[in-house]
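# Observations on chain architecture
If you want the building blocks of each chain, they are given just below.
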Amino acid sequence: MTSEELMREALKEAESGMRRGRGGPFGCVVTRRGAVIARGHNCVTSANDPTAHAEIMAIREACRELRTFTLADCELYTSCEPCPMCLAAIYWARIPRVFYGNTRADAAAIGFADDFIYQQLALPAERRAIAMQPLLSGEAQAAFRNWETLPDKVKY
């Protein structure tokens, strides 16, 4: 399939999920060697899950399908520029290339908070809308020290 055909598959996912009342107008496909291996559409409202974005749903399915937590040989096609959460998931999955249709400004124009969250992340923690405060950092370090010395850990 061509890149345009693959993007159209992501756009179909967006339309399908939205029309079925599953969530917002967002769709995604994960591909490998030009073939779709996973699909996802937004399920935030139907699943009562704020993390059930199209990209997250497709990444989860792709990882289950391929039985791996890295998708370094895959590409992602999404109907909209990924929000910060989805972008982070893309980085964690090691997906090297993303194609998107709408921009985060387009999403903001119809009432989605993607651009606001991007703006918040650029601020120092003390200036963000959500109060953040370190707590028990000395005690929290114990798990990190234990991880460092764990001989059979699976790095990611």
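Higher on the page you've got the structure.
Residues numbered from 1 in each chain as written. Predicted model: local features only at pLDDT ≥ 70, side-chain atom pairs only at ≥ 80, totals over all residues. Heavy atoms only, no water.

The number of helices and strands found in the chain is 7 helices and 4 strands. Along the chain direction, N to C, the helices and strands of the chain fall in the order α-β-β-α-α-β-α-β-α-α-α. Summarising its shape, the C-alpha atoms of the chain cover approximately 50 × 40 × 25 Å along the three principal directions. Pairs at least 24 apart in sequence give 47% of the contacts found in the chain among residues at least 6 apart. Surface exposure of the chain reaches about 10,100 Å², of which carbon and sulfur atoms provide 56%. (Helix = DSSP H or I, 4+ residues; strand = E, 2+ residues; numbered from the N terminus. Contact = heavy atoms within 4.5 Å. Areas by Shrake-Rupley, 256 points an atom, 1.4 Å probe, with all protein chains shown as cover.)

Let us look at unusual backbone geometry. Non-glycine residue R67 carries a positive phi angle of around 55°. Following the sequence through the fold, R67 ends up in the loop between α3 (54-66) and β3 (74-80). The phi dihedral of R94 falls on the positive side, at around 65°, and the residue is not glycine. Within the secondary structure, R94 sits in the loop between α4 (84-93) and β4 (97-102). By relative accessible area, which is 37% here, R94 ends up partly exposed. (Buried < 20%, exposed > 50% of the residue type's maximum accessible area, 1.4 Å probe, protein only.)

Right, let's get into the nonpolar core. In terms of nonpolar packing, the biggest core is built from 22 residues, with V30, I37, I59, A62, L71, L76 and I95 touching the most fellow members. Elements that contribute at least two residues to this core include exactly β1 (27-32), β2 (35-41), α3, β3 and α4. The greatest single-element share of this core, amounting to 6 residues, is contributed by α3. With near-sequence residues (within four places) excluded, V30 lies in contact with A35, V36, I37, A38, A58, I59, A62, L71, C74, E75 and L76. In terms of nonpolar packing, the next biggest core, distinct from the first, is built from 6 residues, L6, M7, A10 and V29 among them. (Core = buried A, V, L, I, M, F, W, Y, C linked by side-chain atoms within 4.5 Å.)

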